[in-house]
Amino acid sequence: MSATGGPSAAAAYAARAEPGFRRRRELGAASARSLLLTVLGEFVLPAGRPVWTATFLEALGLLGVEEKAVRQALARSASEGWLAGTRHGRRTSWALTPSGRGLLTDGTERIYGFGRPMTRWDGQWLMVLASVPESDRRMRHLLRTRLAWNGLGNLSPGVWITPHPEREQEVREVLREIGLAATATIFVGRLGDLSEARRVARQAWDLDAIEPAYEDFLDAVHALRPVGDAETFAAHTRLVQEWRRFPFLDPGLPEELLPEGWSGARAFELFHRRHDAWRPAADRQWKVMAGR
């Protein structure tokens, strides 16, 4: 996690697209703020240049966002230190701040790496004992959000697990940043045989709820048939917008712990295939809008 992005930079990027799937959910039902972050990560960050307000208005307009909502999203992002605006007469250009670049860099690295098939699992688990008083709702939410972003599941009150022991240092950093390092305890070890490991996985994560979310994603993406650069820009942005929800939903379990025929594998393949196919047209459309 980038120090410049703040304590919760990577998690904040995905948190703007909080999980909320419904069966046959259409892509694009997202807030202006969340869509703005997707556009910033996909197009502004790689280009590394300031962008006019008019460009954001046009780009998010293709996604059905009204002008007022776009301006509010820009203002809020600036107030949180992710964007910096510069006046040029009656026009304003927006550039990413160091914190904004850290936020988006960490977030995009996570979402593009997410979903890759896990190499052979050795049966080891990382277990974290970290509890927060019931009365401290803010800290409880922060702990849950940050650990979920790192793929940990809540096995029981105060007990968090992941089959990714290589994330121990990341978890220690999370605990340090939110002020729980001195009271938390971390173990690495095995949890019985494979049948017990599968039971524990189902207890820590609601796999029956995650798989329908992938099915929704597959259905919605298959239904997108963009024609021309403008439509492809919108479809591409919605594709990324929806995909970045999954690091919060899916812990990235090894194949041994997943139900047979897990739809997440098909969703991963479809996301990258469509992303590669649509990216050139989306980039062309963005360059046209940014050059006006």
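In this report, we go over the structure that sits alongside the text. (Residues numbered from 1 in each chain as written. Predicted model: local features only at pLDDT ≥ 70, side-chain atom pairs only at ≥ 80, totals over all residues. Heavy atoms only, no water.)

For the chain, the count of helices and strands is 12 helices and seven strands. A buried classification covers 51% of the 292 residues belonging to the chain. Restricting to contacts in the chain with at least 6 residues of sequence separation, those with at least 24 account for 81%. For the chain, the accessible surface area stands at approximately 14,100 Å², while carbon and sulfur atoms represent 51% of it. (Helix = DSSP H or I, 4+ residues; strand = E, 2+ residues; numbered from the N terminus. Buried < 20%, exposed > 50% of the residue type's maximum accessible area, 1.4 Å probe, protein only. Contact = heavy atoms within 4.5 Å. Areas by Shrake-Rupley, 256 points an atom, 1.4 Å probe, with all protein chains shown as cover.)

Turning next to the packing of helix α2 (residues 32–47) against helix α12 (residues 263–290). Two numbers describe how α2 lies on α12: the axes approach to 12 Å, and their chain directions differ by 65°. Our pair here, α2 against α12, has a crossing hand that is right-handed. Across the interface between the two elements, Val39, Glu42, Phe43, Val44 and Pro46 from α2 touch His275, Arg279, Ala282, Asp283 and Trp286 from α12. Its residues placed into classes, the contact of α2 with α12 shows six nonpolar, one polar and three charged. (Axes fitted to C-alpha atoms, helices over the stretch in contact; angles between N-to-C directions. Left-handed = near helix turned anticlockwise from the far one by under 90°. Nonpolar A, V, L, I, M, F, W, Y, C, P; charged D, E, K, R; others polar.)

Taken together, the four strands give an open sheet; going across it, the order is β5-β6-β4-β7, and neighbouring strands pair in antiparallel fashion. The open sheet has two edge strands with one neighbour each: β5 (153–156) and β7 (185–189). Geometrically, the sheet is characterised by an average inter-axis angle of 30° between neighbouring strands, direction not taken into account. Bridge analysis of β5 against strand β6 (residues 159–162) gives three bridges, and the strand direction is antiparallel. Counterpart to Ser156 in the pairing with β6 is Val159. Against the sheet, helix α7 (residues 168–177) engages β4 (125–129) and β7, with an angle of about 170° to β7. (Pairing = 2+ DSSP bridges.)

The antiparallel open sheet is built from three strands, whose spatial order is β1-β3-β2. Pairing within the sheet leaves two strands with one partner each, and these edge strands are β1 (51–52) and β2 (83–88). With six bridges connecting them, β2 and strand β3 (residues 91–96) associate as antiparallel partners. Within β3, the position partnered with Arg87 by the bridge is Thr92.

So, on to the pairing of β3. Where β1 lies against β3, two bridges are found, and the strand directions are antiparallel. Paired with Trp52 across the two strands is Ser93, which belongs to β3. Here β2 hands over to β3 after two residues, with Gly89 in that stretch at a positive phi of 70°.

What follows concerns the packing of α2 against helix α4 (residues 67–79). Interhelical geometry of α2 versus α4 gives an angle of 70° and a closest axis separation of 9 Å. Considering their axes alone, α2 and α4 lie roughly perpendicular with respect to each other. Considering only the axes of α2 and α4, their crossing is right-handed. Residue-level inspection shows Ala32, Arg33 and Leu36 of α2 in contact with α4, the latter providing Ala69, Ala73, Leu74, Arg76 and Ser77. Along the lines of polarity and charge, the residues of the contact of α2 with α4 split into five nonpolar, one polar and two charged. (Parallel < 35°, antiparallel > 145°, perpendicular 65-115°, else oblique.)

Okay, the environment of Ala220 next. Inspection of the secondary structure puts Ala220 in helix α9 (residues 207–223). Judged by its relative accessible area of 11%, Ala220 is buried. Put simply, Ala220 and Glu242 are 22 residues apart on the chain and 9.9 Å apart in space, counted from C-alpha to C-alpha.

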